[in-house]
Amino acid sequence: MGKVKKATRKFNQKYLKGELERRYKNKKVQQQYKKRELAKRRRGDVEGADDDAEPFTGIEEVDDLADFAGSRIKGVDDDLGKFMQADPENEHSNDSDSEDNAAALLDDSDDEIEDNSDNDESLDNDDDGSGDSDSRQDAGDSDDEETVFKKELKAMQEKDPAFFQFMEKNDPGSLRILEQDSDGEMSDREDAEMGEEEEEVTEGSDRIEVTAKLLGDWERAIKRDHSLRVLKKLLLAFYAASHMDSENGGSEDTPYRIQGMRIFNKTVSSAIRLVPKAFEHHAPIVDGRVDRKGKKWSVVQALIKSYLTSLLELQGQMSDAAMIQYLLKECERMVPYFVCFVRYTRELVRGLLRQFGSTSADDGVRIMALLVLRQLVAISPAEIVDMALKGLYLTYVRSSNVKNMASLTTIQLMRNCGVELYGNDAHASYQHAFVYIRQLAIHLRNSMQLRSKESFRAIYNWQFVNSLDFWTEVLATYCGDRAEEKPELCSTLESLVYPLTQIILGVARLVPTAKYFPLRLRCIGLLLRLSSATGVYIPVLPMIIEVLESPEFLGRRPVKSTLKPLALDIHLKAPAEYEHTRVYLEAVLESVFGLLADAVASQSVRIAFPEWTVPVTLQLRRWRKRIGKSWVRFSKQLQGLLEKIDQTSQLVQQHRNNVEFGPANLSAANQFMNTIHPDKTPIGAYATSLRNVRAQQRATLLKAEMEA
């Protein structure tokens, strides 16, 4: 499609709407004039009018209109024009995309057709007897002509389908005669309801005010007959209610007006209660998907689109958490209908991601958005799955800037939600994980080559670190904790464990200074999580010992300070006022001993545990002997850690004395002590107690922040 000219865009913005309204009114006037002339000819008042009257086709107008409308950018509300003009029971479309045609805006509305038919009947009733006989004769001739015309149209459809499609697109009114025998006739009861409704139109106004009585009548009609015509009216009122506060307007385009909060609430609640049930009646859901092969699907799809549009608009306007959750639950209920329309599915994904990443949203809204997104991904095509996975990860990264303990808790919840979503499609999850892990590796390589402050700053930030945390949790979950539950996903993702480990090691050692001890300790924690979950051995003990043997502990005396204790969980580097202070180093030692206990406990059921712990115990005893007097509290804590290591070594030695296989039998060695969980060993129980203490400290800090 070529580029739209500037003049065309200006015309679309300034004059297109007025031009469409003018042409539409002109067509209605000519159609009414044609019907009046036809009624006069039936009475015999006009003779020879057939030779002088020129039939109106509307094709001349449609050609220009289609050119103007073809340059429009499609949006969610593109289908509203046809929805307001089309008869949901008489309009059948063979092409699911025909609702986007601009010619649909020129279709006659139901009320106008009924008014004109009433005028024809009143004119016929005023005739005398001779006029009635002539009218009956003309009517018989008209029926014969109608039958012949039907046959000609059907023959044209078979012989020249291209021209028939052109007529169907540009002049659907001429082809509507083929559909008069369908199931789109109104019942007398619905005619009466429409008559009562018209009486509520105020003088001088063309919009109907929605009242509680009117909503009650609609509700009874929908429950009793599942009437599509009444359902259309309720959807138009729901559209008006949902677009009352919309920036783009739209509520004035509907024939209904909402006055007062009480009517607004009743309209919204009535639509959400009744419309889904009506859709399930006319377009039932079979095995989680909508049956689009039914006879009524071409009739109902315009109504479904209107409801989805109003639901998305209403969700975007709400700020109350309880109301947002209520609307998200309704979106979850309508997921099978969303999937039928790719455009509306995209809009739903965007809306869910906005709620998921909103800074003002609470945890309940985020969890509900994830549930809807997960259900959507389960039954959507690959395009929507990719959009959801990519959008959720990028939303997480944008929102991953840690400021305090509360934001850290929110980010952890978002990370867990993202990990849950990445467990649905193994192929798509691997593709996204590969691309984004490779992107992290490229950033790290560039930083190691440039060695500048700007390049270091591109790595040492919360977005990068939380991205590592995200992919670590994905691999640890599906290659370790839930590997048996999803073996296909495990076998697909396990090849990414090694590159991710190399990236984390490179980040931890990029700037090996005491100022970035919090970042290094966080990277060590990620490696421990990955190693303990997947069973892949990652040597983290040397990195921990490097922190203990740094000049901050061995080469200089710490600066005394009265600063409050520092929470390393919300820092990547030490604040300037905390550098070289005893408060900062105490926080580092607490974290180091916790990670040291976790690292040793993760290997506590291995057959080589006694020999594996010899180097680390020697280095820890040497460190305690050299500087233990300066850190009395931590010296005692280290002594307790060494005792738990010795007890665990003795336990492993006892089990090892009873084995009957040799060192060459690796399969049997891997099954050694497999009935004992690492947390049940002495060092495992000690590490668990330290984790509980740290969790209590975080809870205390979070509570203090919430109260403040």
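Residues numbered from 1 in each chain as written. Predicted model: local features only at pLDDT ≥ 70, side-chain atom pairs only at ≥ 80, totals over all residues. Heavy atoms only, no water.

S.K.: So what exactly am I meant to see when it comes to unusual backbone geometry here?
M.R.: With the exception of glycine, the majority of residues adopt a negative phi angle, and the majority of peptide bonds are in the trans configuration. The backbone of H226 sits at a positive phi, close to 55°, despite the residue not being glycine. Residue position: H226 is located in the loop between α11 (212-225) and α12 (228-242). Non-glycine residue D287 carries a positive phi angle of around 55°. (Helix = DSSP H or I, 4+ residues; strand = E, 2+ residues; numbered from the N terminus.)

S.K.: Before we go on, may I ask you to explain the pattern of salt bridges in this structure?
M.R.: Pairing of side chains with opposite charge becomes possible as their charged atoms draw close. What the rule picks out here adds up to 28 salt bridges. Where D469 meets R522, a salt bridge forms, and the shortest distance between an N and an O atom there is 3.7 Å. Linking D469 in helix α23 (residues 462-481) with R522 in helix α26 (residues 517-534), this pair joins segments that are 53 residues apart in sequence. In the salt-bridge network here, residues are joined through shared partners; they are R374, E420, R482 and E485. (Salt bridge = Lys/Arg side-chain N within 4 Å of Asp/Glu carboxyl O.)

S.K.: For this particular structure, what's the right way to read the packing of helix α19 (residues 382-398) against helix α21 (residues 426-450)?
M.R.: The description of two packed helices rests on the angle between their axes and on the distance between the axes. Packing of α19 against α21 brings their axes to within 10 Å, and their N-to-C directions diverge by 40°. On the basis of the axis angle, α19 is oblique to α21. Handedness of the crossing formed by α19 with α21: right-handed. Contacts from V385, D386, L389, K390, Y393 and L394 of α19 reach α21 at A428, S429, H432 and Y436. Here the contact of α19 with α21 is built from residues that sort into six nonpolar, two polar and two charged. (Axes fitted to C-alpha atoms, helices over the stretch in contact; angles between N-to-C directions. Parallel < 35°, antiparallel > 145°, perpendicular 65-115°, else oblique. Left-handed = near helix turned anticlockwise from the far one by under 90°. Contact = heavy atoms within 4.5 Å. Nonpolar A, V, L, I, M, F, W, Y, C, P; charged D, E, K, R; others polar.)

S.K.: How should the side chain of Q355 be read in this particular structure?
M.R.: Mapping Q355 onto the fold places it in helix α17 (residues 342-357). Overall, Q355 belongs to the buried group, its relative accessible area being 9%. Sequence-distant contacts of Q355, defined by excluding residues within four places in its chain, comprise Q315, I324, A361, V365 and R366. (Buried < 20%, exposed > 50% of the residue type's maximum accessible area, 1.4 Å probe, protein only.)

S.K.: Looking at this structure, how should I read empty space enclosed by the protein?
M.R.: Empty space among the atoms becomes apparent when a probe as large as a water molecule is rolled across them. Counted by the stated rule, this structure contains five cavities of 30 Å³ or more. Taken as a whole, the second largest cavity encloses approximately 70 Å³ of empty space. Every residue along the wall of the second largest cavity is listed here: L527, L528, S531, Y537, I538, P539, V540, L541, A599, S602, Q603 and W612. Elements that contribute at least two residues to the lining of the second largest cavity include exactly α26 and α29 (582-602). The biggest single contributor to the lining of the second largest cavity is α26, with three residues. For the lining of the second largest cavity, the per-class residue count stands at nine nonpolar, three polar and no charged. (1 Å grid on protein atoms, 1.4 Å probe; cavity = no way out; pocket = protein on both sides within 12 Å on 5 of 7 lines; lining within 4 Å. Points joined across faces, edges and corners; volume = space filled by probe spheres on them.)

S.K.: Sorry, what's going on with the environment of T409 here?
M.R.: Take T409: it is sitting in helix α20 (residues 405-421). The class for T409 is partly exposed, based on a relative accessible area of 36%.

S.K.: What is the right way to look at the packing of aromatic side chains in this model?
M.R.: By convention here, two paired aromatic rings are described through the distance between centres and the angle between planes. Taken as a whole, this structure holds 21 aromatic pairs when the rule is applied. On the basis of an interplanar angle of 50° and a centroid distance of 5.9 Å, the ring pair of F279 and Y337 is categorised as tilted. Taken as a pair, F279 in helix α13 (residues 261-282) and Y337 in helix α16 (residues 335-338) lie far apart in primary sequence, 58 residues in all. Per residue, the accessibility class of F279 equals that of Y337, and both read buried. Ring plane angle 65° and centroid distance 5.9 Å describe the contact between F553 and W631, whose orientation is recorded as edge-to-face. Taken together, the positions of F553 in helix α28 (residues 551-554) and W631 in the loop between α31 (614-627) and α32 (632-656) put the pair 78 residues apart, joining distant regions of the chain. (Phe/Tyr/Trp six-rings, centres within 6.5 Å; stacked < 30°, edge-to-face > 60°.)

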